[in-house]
Amino acid sequence: MSVITRTVTRVVFPLILLTALALLFQGHNLPGGGFIAGVLTVAAFALVYIVNGLDYLQEDLLGRSGEDVEGGPAIVADFLTVFAGGLAIAAGGGVAAILLGRPFLSQAVVFLHDLPIFGELELASAFVFDLGVYLVVVGGLLTILTVVGDE
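Residues numbered from 1 in each chain as written. Predicted model: local features only at pLDDT ≥ 70, side-chain atom pairs only at ≥ 80, totals over all residues. Heavy atoms only, no water.

A. Structural context of the nonpolar core. Formed by 18 residues in total, the largest nonpolar core has its most connected members in F13, A37, F45, L57, Y134, V138 and L142. Broken down by secondary-structure element, the contributors of at least two residues to this core are α1 (3-26), α2 (34-52), α3 (54-61), α4 (75-99) and α5 (126-150). Once residues lying within four places of it in the same chain are set aside, the contact partners of F45 are F13, L17, L57, L61, L62 and L142. (Core = buried A, V, L, I, M, F, W, Y, C linked by side-chain atoms within 4.5 Å. Buried < 20%, exposed > 50% of the residue type's maximum accessible area, 1.4 Å probe, protein only. Helix = DSSP H or I, 4+ residues; strand = E, 2+ residues; numbered from the N terminus. Contact = heavy atoms within 4.5 Å.)

Take a look at the structure:
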């Protein structure tokens, strides 16, 4: 790849991640949420993977050793852990409502007032579910991308 491609990737990667986080945080009120934020995050990592290769993504960006295991690259185990953690968080958000005597995935909202910088901040329980979906999408799609790309 050319120097221009690598430079543009270095500039665009954090911007894509920032946009993904904005979509994740606004998802319970506005268009966005865990799914689209996860897809956008994977698109950022796919760009780095395509431009720089799996070794750069695995060793330099994510700080994981490059030793392959039987099922593929070593980083796949980390992606599967992210997937499983997201599934547990999403399900846990629903189960927590049941433990509080509410229907599965019931939502609650708390408003924090008079905060420095923010003024008012809304904390919604739907964010827990969105976060779980985000992690499931990121873990699942990065696993698919890595395993298919390694072949």
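Still to come is the rest of the account.
B. Region of interest: α1. Relative to the 34 Å expected for 24 residues at 1.5 Å per residue, α1 spans 35 Å between its end C-alpha atoms, a close match to the ideal helical length. Taking the largest bend as the criterion, α1 deviates by roughly 30 degrees, centred on V12, and proline P14 comes between one and four positions later. Looking at α1, one finds that the buried residues are T9, F13, I16, A20, L23 and L24. In this fold, the buried residues of α1 make contact with α2, α3 and α5. (Expected span 1.5 Å × (residues − 1). Bend = angle between axes of the 7 residues up to and from the residue.)

C. A look at the UniProt feature "transmembrane region" (unreviewed entry) in the protein. Taking the UniProt record as the reference, the feature "transmembrane region" (unreviewed entry) is found at residues 7-27, 33-54, 75-101 and 121-148. Taken end to end, residues 33-54 comprises 91% helix and 0% strand; its first and last C-alpha atoms sit 28 Å apart. The annotated region residues 75-101 carries 93% helix and 0% strand content, and the separation between its end C-alpha atoms amounts to 40 Å. (UniProt positions renumbered as here; feature names shortened; annotations may be inferred.)

D. A look at the packing of aromatic side chains. Per the stated rule, a full pass over the model turns up 2 aromatic pairs. Measuring from ring centre to ring centre gives 5.3 Å for F13 and F45, while their planes differ by 85 degrees; the resulting arrangement is edge-to-face. A residue pair is termed long-range when its members are at least 10 positions apart, and F13 in helix α1 and F45 in helix α2 qualify at 32 residues. Its relative accessible area of 13% is what places F13 among the buried residues. (Phe/Tyr/Trp six-rings, centres within 6.5 Å; stacked < 30°, edge-to-face > 60°.)

E. Layout of α4. End to end, α4 covers 36 Å across 25 residues, agreeing with the expected 36 Å (1.5 Å per residue, within 8%). Residues of α4 that are buried include every one of I75, V76, F79, G86, A90, G94 and A97, and no others. Each element contacted by the buried residues of α4 is listed here: α3 and α5. G101, located one to two residues past α4, shows a positive phi value of around 80 degrees.

F. Examining the side chain of S106 more closely. Tracing the chain through its elements places S106 in the loop between α4 and β1 (109-115). A polar side-chain atom of S106 sits 2.6 Å from the main-chain carbonyl oxygen of P103. In this view, S106 contacts A97 and S125; residues no more than four positions away in its chain are not counted. (Polar contact = N/O pair within 3.5 Å; in protein donor to acceptor, adjacent residues only side chain to side chain.)

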